[in-house]
Amino acid sequence: MAPPFRLARTAVFAVVCLGLGVAAHLLAGATVAPPVALGGLGLAFAAAFPLSGRERPLAVILSLLAALQVVMHLLFSLSHATSPHQLAGHLHSGLMPSAGMLVAHGWAIVLTALWLARGEAALWGLLRRLAIRLLVIWLPLLTTPFSTPLWTAEPRVLRPAVLRHVVSRRGPPPVVAA
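Residues numbered from 1 in each chain as written. Predicted model: local features only at pLDDT ≥ 70, side-chain atom pairs only at ≥ 80, totals over all residues. Heavy atoms only, no water.

Caption draft 1: Structural detail: the overall build of the protein chain. A count of helices and strands for the protein chain gives five helices and zero strands. Scanning the protein chain from its N terminus toward the C terminus, one meets helices and strands in the order α-α-α-α-α. Here the analysis covers contacts within the protein chain between residues at least 6 apart in sequence; of these, 78% occur between residues at least 24 apart. Carbon together with sulfur atoms contributes 73% to the accessible area of the protein chain, which is approximately 13000 Å² in total. (Helix = DSSP H or I, 4+ residues; strand = E, 2+ residues; numbered from the N terminus. Contact = heavy atoms within 4.5 Å. Areas by Shrake-Rupley, 256 points an atom, 1.4 Å probe, with all protein chains shown as cover.)

Caption draft 2: Region of interest: a nonpolar patch on the surface. A contiguous nonpolar surface patch, about 560 Å² in accessible area, is contributed by Leu58, Val103, Trp107, Val110, Leu111 and Leu114. Counting residues per element, the nonpolar patch draws most heavily on helix 5 (residues 99-142), at five residues. Considering the arrangement of structural elements, one finds Leu58 in helix 3 (residues 58-80). Judged by relative accessible area, Leu58 falls into the partly exposed class, the value being 35%. (Patch = residues over 30% accessible without salt bridge, like charges linked within 9 Å, V, L, I, M, F, W, Y side chains within 5 Å. Salt bridge = Lys/Arg side-chain N within 4 Å of Asp/Glu carboxyl O. Buried < 20%, exposed > 50% of the residue type's maximum accessible area, 1.4 Å probe, protein only.)

Caption draft 3: Layout of the packing of aromatic side chains. Under the defined criterion, the tally for this structure stands at two aromatic pairs. With a centroid separation of 6.1 Å and 85 degrees between ring planes, the pair formed by Phe5 and Trp124 is classed as edge-to-face. Pair noted here: Phe5 is in helix 1 (residues 3-27) and Trp124 is in helix 5, with a separation of 119 residues, a long-range link. Judged by centre distance (6.2 Å) and plane angle (15 degrees), the ring pair of Phe45 and Phe49 falls under stacked. Its relative accessible area of 28% is what places Phe45 among the partly exposed residues. Positioned above the aromatic ring of Phe49 is the side chain of Arg6, whose terminal nitrogen or guanidinium carbon lies 4.5 Å from the ring centre. (Phe/Tyr/Trp six-rings, centres within 6.5 Å; stacked < 30°, edge-to-face > 60°. Lys NZ or Arg CZ within 6 Å of the ring centre and 35° of its normal.)

Caption draft 4: Highlighting the nonpolar core. Among the nonpolar cores identified, the biggest contains 22 residues, and Phe13 and Phe76 are the most heavily contacted of them. Among the elements of the structure, helix 1, helix 2 (34-48), helix 3 and helix 5 are those that each provide at least two residues to this core. Here the element with the most residues in this core is helix 1; it accounts for seven residues. (Core = buried A, V, L, I, M, F, W, Y, C linked by side-chain atoms within 4.5 Å.)

Here it is in structure tokens:
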């Protein structure tokens, strides 16, 4: 796969993953520092790039997205703690998510993974159709006058094996010249 295409797919996944993490964190009432968000983007990009070479099924997208959301949650939560005392208090409150937060993260991850998987399937389907169209357009241009055609305009007339050697004698009798 071409590197620009891989980079574009990876960037879309990383931005969606970061957007989901930041939005969930902001909705929970916390803040996200721009350097930490940039680090999360780099982390998501680095995790997604090796997998962007070919089409991935929903299970791979879902598991990668879930793992990255857990890591981003920890990254964003740890970025708030500045002192050891604050970190100790945060370990008991922010890093251990509540049931509501787990359900919200779960729904967001599943819906985002479905959205990304459908987009992935649509993109690959479009690329397959585009490749076929380009092949149909360019293939006749690639033939030279000395090359044999890849297909004929009209199909051969197929005869059953039984009638292959039958000689037909129908018609008027031949005219005999006297």
